[in-house]
Amino acid sequence: MCRTYINPFVYFVDNKRWKCNLCFRVNELPDEFQFDPMTKTYGDPSRRPEIKSATIEFIAPSEYMVRPPQPAIYVFVLDVSRLACESGYLDVVCRTLLAELDNVPGDARTSVAFITFDSAVHFYSLTEGQGQPHQLIVVDIDDMFLPTPDNLLVSLNECRDLIRDLLTQLPNKYRESYDTHSALGAALQAAYKLLAPTGGRVTIFQACLPNVGPGALTAREDPAQRAGDNPPHLNPSTDFYKKLALDCSGQQIAVDLFLVNSQYLDLATLSGVSRFSGGCMHHVPLFRSDKPFLVDTLERMFQRYLTRKIGFESVIRLRCTRGLSIHTFHGNFFVRSTDLLSLPNANPDAGFGMQITIDENLSDVQNVCFQAALLYTSSKGERRIRVHTLCLPVASNLADILHGADQQCIVGLLAKMAVDRSVQSSLSDAREAFVNVVADILSAYKLTQSGNTTGCMLAPASLRLLPLYILALLKHMAFRVGQSTRLDDRVFAMCQMKSLPLSFLIQAIYPDLYPLLNIEQQPEVEVGEHVVPQPPRLQLSAERIDSHGIFLLDDGSSLLVYVGHNLDPVVCQAVFDVPHFSAIPQELYSLPELENSTSEAIRSFVTYLQNEKPYPIPLQVIRDDSHQRMRFLEKLIEDKNESGTSYYEFLQRVKTLIK
């Protein structure tokens, strides 16, 4: 009756009736539920797959479709203004797209279109008979229209050769561009008109501030305020992009942003187009095609984006046990009704958070349940429903709650709430709230220990790392003060806080640090068909860094190999194939493949870390006398630095706040 999907936590009254775990109503069991499709036998209803598994996927019947399932349709919108062309990003994008054209998800109906823009918007007509791509230019960007109704959106299968020709020609076509204007708003309107009848995905590459036509912006960052306690302009300057996103969401269009800017482009305003349309954002700041590390980053990022699984025209409905309600959602989507999130595209790299309100006394229930149901169209045009059900026990005393707490989940949700607080109120408010949360939780724990005179632990084992994670958040690019932080970089970090899956978010907040010296002597574990050494994880403090060692820092988006200046020449030869420390190149972005146990152990460990990620992240070797060393040192969160106190000092501060 409450539209919950049957799940392992329902209660069977008998073979004919079952009680719902969300609304507690007793329902009749349909006759076909006696049949188990796996064993093809009749009898016990608890043997059914949906009773045995808390995650299950159904093929949706036709009543779940307003129209036939949509095909996979992709529109690529490329900035070809002067700054964009100088960065050289177009070569990388066209080359990667050419290589992955056959791996893009979809079926025989898959279609693509290309739009480029500077002060005008350029379309490309791709018709089989015309021999080569034909460019059409719309100069009147204030009144955007499609120059031809056909041949802009074409079948990937039928026009593959023309598409390849276009991707080969584009970088050369705009190599000498002198147009400094960027009409992003108009190009977006064009993409919307193109996709409105069907829905689909818009992929934007943007290199500079949109400065002409609808949605034009003006630079509002003041470099003098980058390190201040309350950086201004975290809010959008216009609602043009948010409104466009809501129009897109209504037509099942998601907009994804790739930002390759060397100057300010007002991400606080632009991000709205992705946030409210269920899109995603990627950022490669200061991109230049002569920087191998950045080229590698963009290439791998875009490759993953093109080939990862995709769901179209999706909605997520969230239900919870009677007495609870969900009052805030975090992530990229549009909230269509109290419990329904509109996601024109669903992708495997997105995370979501929810805040729950307890509306009624739960003293008469043993546990509560939450259910998320995602209805989506697969890239093969199949309508599916994926259901996840979570069941949690209810505790009546505070000590049980604190001992059972999930500190990483708490930190993930606090980070999302802090982004909202920073935007709606101020950054200093959000920072103060972080410290107060730690003090409140530890004060509550102290209350539960009031009769215990022997134990004087500051926190229970389940929450022991909470103060450390909070300090790491205070020093994270999203929330730090006292250190010059470009506004776009800060806003992107905040967007990541809202949309990264939890495991990647925790790694971005508190990276993993490993010693690589003598790694071949570390204990090994089997991972698939390979045996991988497992060095210990180190605390993020300079105390752990030794000038005789090699260290690897993994923050989820890059791997930094830090080399001490007193490294043994034998190890230099074994790992880097050079006779001594000063012969290691200042710019090194890979480890040479050498046939010795040390090199093989390090490379197998790096490969293992790479395989844990959605795509292999780029690696950079940094000597401890290099100008790049601050990239590594600023991640040593437990030490005092320009963005905050040491971990010891932070704990002293928290202690004085505990009631």
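S.K.: Quick question: what am I supposed to make of the environment of R275 here?
M.R.: For R275, the position within the fold is in helix α8 (residues 272-275). Looking at R275, the relative accessible area reads 28%, which means it is partly exposed. Here the alpha-carbon distance between R275 and P344, two residues 69 residues apart in the chain, equals 11 Å. In contact with R275, other than residues within four places in its own chain, are M281, N332 and F333.

S.K.: Is there a simple way to think about the sheet that holds strand β26 (residues 559-563) in this case?
M.R.: Each strand in a sheet pairs with another by means of backbone hydrogen bonds, the pair being arranged parallel or else antiparallel. Strand order across the open sheet formed by 4 strands is β22-β25-β26-β27, with mixed pairing between neighbours. Edge strands, defined here as strands with exactly one partner in the open sheet, are β22 (512-515) and β27 (619-623). Mean inter-strand twist for the sheet, computed between neighbouring axes without regard to direction, equals 20°. Summarising the sheet, strand β25 (residues 550-554) and β26 pair through 5 bridges and their orientation is antiparallel. If you follow F551 over to β26, its bridge partner there is Y562. The strands that helix α16 (residues 569-576) touches are β25, β26 and β27; relative to β25, the one it contacts most, it runs at about 45°.

S.K.: Can you help me understand unusual backbone geometry in this one?
M.R.: Among all residues save glycine, negative phi is the norm, and among peptide bonds the norm is trans. Although it is not a glycine, D266 sits at a positive phi angle of roughly 60°. Under the relative-accessibility criterion, D266 is labelled buried at 0%. With a phi close to 60°, N518 is a non-glycine residue in the positive phi region. Mapped onto the fold, N518 is located in the loop between β22 and β23 (524-527). Judged by its relative accessible area of 39%, N518 falls in the partly exposed class.

S.K.: Just checking my understanding: could you explain the side chain of D554 for this structure?
M.R.: Inspection of the secondary structure assignment puts D554 in strand β25. Taking the relative accessible area as the measure of exposure, D554 reaches 0% and is therefore buried. A polar side-chain atom of D554 sits 2.8 Å from a polar atom in the side chain of K613. Beyond its immediate chain neighbours, meaning those up to four positions away, D554 contacts Q507, P511, D512, L559, L609, K613 and I617.

Rules behind the numbers
- Residues numbered from 1 in each chain as written.
- Predicted model: local features only at pLDDT ≥ 70, side-chain atom pairs only at ≥ 80, totals over all residues.
- Heavy atoms only, no water.
- Helix = DSSP H or I, 4+ residues; strand = E, 2+ residues; numbered from the N terminus.
- Buried < 20%, exposed > 50% of the residue type's maximum accessible area, 1.4 Å probe, protein only.
- Contact = heavy atoms within 4.5 Å.
- Pairing = 2+ DSSP bridges.
- Axes fitted to C-alpha atoms, helices over the stretch in contact; angles between N-to-C directions.
- Polar contact = N/O pair within 3.5 Å; in protein donor to acceptor, adjacent residues only side chain to side chain.

Just geometry here; none of it tells us what the structure is for.
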